[in-house]
Amino acid sequence: PYDKVLEIRKENISPAVVTYYKKPVLIHQGHMQWLFDWEGRRYLDLIAGIVTVSVGHCHPKVTVAAQKQLARLWHTTNIYLHPKIHEYAEKLTALLPEHLKVVYLTNSGSEANDLAMLMARLYTKNFDMIHFRGGYHGGSPYALGLTAVGFYKQGLANGFGCHTTMCPDVFRGPWGGSHCRDSPVQTTRHCSCAPGSCQANDKYVDQLKETLNTCVPKGIAGFIAEPIQGSGGSVQYPKGFLKEAYKLIRERGGVCIADEVQTGFGRTGSHFWGFQGHGVVPDIVTMAKGIGNGFPMGAVVTTTEIARSMSQALHFNTFGGNPVACAVGSAVLDAIEEDGLQKNSEVVGTYLLLELAKLRDEFEIVGDVRGKGLMVGVEMVTDQESRQPLPPEEVSQIWEDCKDMGVMIGKGGVYGQVFRIKPPMCITTEDVDFGVAVLREALGRHME
Ligand code: PMP
């Protein structure tokens, strides 16, 4: 059916929906960290449906939970009580700091961020939001205004009537040593600052102060940041930066929102939530993607006080918190715990980062290897001295070669120059050996 599917895709699906690869792969089946195409070829999935298949494709326990609920009750909306939503809310909030205890279930990450922004504005009675260049927070009209990557904006300058305020420039990361950012990979080559005094941090804090003083002197509604930027290319902030940013925002009356859509649910390894790795405590946490292992769902969790600011008006969504999503979400939390997936992210993620760092030492075009746990980026450059992004056609060729050798990798970064490696969290060190060997072979071919 390949040609037929491709024809329908071209004719009947919006061209704004992109497909990976010159010859897109027709996926037929998935099992844990593996995907199988229509002809039965097997691929190691190192991008997990854009960081979404958290516990593994068709994870048996999650599949059974979904099947059981499908046979009992699909949908009522929230106009009736049903046990699954309450069971899920209790389980989810138990994983968050105590003051974050009010849950609003959504269908996606964009919707969660829209809602978080609405809450921040209602609560503070201010309007402006602070967000970072290179951040991605969604494609819906509100969230698009927070997404500071031009090519998502369809040529409209700042989203659709959504006024947000830019944004210090953290988009290619500090390129610092491991004393500057929280990663097992040493990158002393480009780092000129002494341990304990990161110049990148000082620079970004100054930029943020400047933005706050000049653009929003009268106060702000909120600040949103991914604990590690995802689509922006696995960008990590210098150590201590987010803590400083939260302090500056709160001094001006804003609330702090952690976008955990990619970093949540144990992916960063050392912690269940990305914000915990920065020693900060948000006022609102948004989540999606890995929350449902591929089942469409999202959530906003906040404080009683902030939640109350919305309660004068009805905010309704039809599908949020439906019984099947809640059953799936609950089984995903069980699988993370029972399969030890947060620990696996830490152990296998560290192994992956160190193996990839060898490629950086072997190939001049591998500019940076960064990340934490199974949230990893490999930045491609023309050479390690100039650090200019490798042209997109060259990045794509390496990426296509990896696919042809059975390894699917993600791509991101504001210049499309970063390979994103964020597999299902059940991946093993043997899989890493295979994935890295394939990438090494593809890089070698490129240098020939
Ligand atoms: N926030 C982040 C950090 C994301 O990566 C994404 C999706 N790429 C979103 C929000 C939006 O989520 P969704 O696509 O489910 O609307």
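Above this note sits the structure.
From a predicted model like this one, the values you see are computed outputs, not experimental measurements.

1. Thoughts on the overall build of the protein chain
Right, on to step 1. Across its full length, the protein chain carries 13 helices and 15 strands.
Right, on to step 2. Taking all 448 residues of the protein chain together, 50% fall into the buried category.
Right, on to step 3. Long-range contacts, defined here as pairs at least 24 residues apart, represent 74% of the contacts in the protein chain between residues at least 6 apart.

2. Thoughts on unusual backbone geometry
Right, on to step 1. Even without being a glycine, Val51 presents a positive backbone phi close to 60 degrees.
Right, on to step 2. Note on placement: Val51 falls in helix α2 (residues 48-51).
Right, on to step 3. Owing to 23 C-beta atoms within 10 Å, Val51 belongs among the buried residues under this scheme.
Right, on to step 4. Here Lys125, not a glycine, exhibits a phi torsion of approximately 60 degrees, which is positive.
Right, on to step 5. Residue placement: Lys125 occurs in the loop between α5 (109-124) and β5 (129-131).
Right, on to step 6. For Lys125, a count of 10 C-beta atoms within 10 Å corresponds to the exposed category.

3. Considering the sheet that holds strand β15 (residues 418-421)
Right, on to step 1. With respect to topology, 4 strands assemble into an open sheet ordered β11-β12-β15-β14, the strand pairing being antiparallel. Either end of the sheet is taken by a strand with one partner, and the two such strands are β11 (366-372) and β14 (410-412). Between one strand axis and the next, the sheet turns by 25 degrees as a mean value, whatever way the strands run.
Right, on to step 2. Taken together, the 4 bridges between strand β12 (residues 375-380) and β15 define a ladder with antiparallel strand orientation. Bridge pairing in β15 places Val378 opposite Phe419.

4. Points about helix α10 (residues 323-338)
Right, on to step 1. With 16 residues, α10 should reach 22 Å at 1.5 Å per residue; the first-to-last C-alpha distance of 22 Å fits that figure.
Right, on to step 2. Among the 16 residues in α10, 12 count as buried, and that is most of the element.
Right, on to step 3. Those residues of α10 lying buried are Val324, Ala325, Cys326, Ala327, Val328, Gly329, Ser330, Ala331, Val332, Leu333, Ala335 and Ile336.
Right, on to step 4. Note on α10: the residue one or two positions beyond its end, Gly340, has a positive phi of about 60 degrees.

5. Overview of the pairing of strand β2 (residues 34-37)
Right, on to step 1. Inspection of the sheet shows strand β1 (residues 27-31) paired to β2 by 4 bridges, in the antiparallel sense. The partner of Gly30 across the bridge, within β2, is Leu35.
Right, on to step 2. Hairpin connection of β1 to β2: 2 residues between the antiparallel strands, including Met32 at a positive phi of 50 degrees.
Right, on to step 3. Pairing of β2 with strand β3 (residues 42-45) involves 3 bridges; the strand directions are antiparallel. The residue bridging Trp34 from the neighbouring strand is Leu44, located in β3.
Right, on to step 4. With antiparallel pairing between neighbouring strands as the criterion, β2 and β3 make up a hairpin whose turn holds 4 residues, including Gly40 at a positive phi of roughly 90 degrees.

6. Considering the site of the ligand
Right, on to step 1. With respect to spatial proximity, 15 residues lie near the ligand, and among them Ser108, Gly109, Ser110, Gly138 and Val261 are the closest.
Right, on to step 2. Element by element, the count of residues in the shell around the ligand is highest for α5, at 3 residues.
Right, on to step 3. Among the residues forming the shell around the ligand, the class breakdown is 4 nonpolar, 9 polar and 2 charged.

7. Section: the nonpolar core
Right, on to step 1. Counting residues in each nonpolar core, the largest one holds 114 residues, and the members touching the most others are Ala120 and Ala299.
Right, on to step 2. For this core, the element with the highest residue contribution is α10, accounting for 10 residues.
Right, on to step 3. Non-local contacts of Ala120, meaning those with residues more than four positions away in its chain, are made with Met129, Ala221, Gly222, Val255, Ile257 and Ile284.

Analysis parameters
Residues numbered from 1 in each chain as written. Predicted model: local features only at pLDDT ≥ 70, side-chain atom pairs only at ≥ 80, totals over all residues. Helix = DSSP H or I, 4+ residues; strand = E, 2+ residues; numbered from the N terminus. Buried ≥ 20, exposed ≤ 12 C-beta atoms within 10 Å, placed from the backbone. Contact = placed C-beta atoms within 7 Å. Pairing = 2+ DSSP bridges. Axes fitted to C-alpha atoms, helices over the stretch in contact; angles between N-to-C directions. Expected span 1.5 Å × (residues − 1). Near = placed C-beta within 6 Å. Nonpolar A, V, L, I, M, F, W, Y, C, P; charged D, E, K, R; others polar. Core = buried A, V, L, I, M, F, W, Y, C linked by C-beta atoms within 7 Å.

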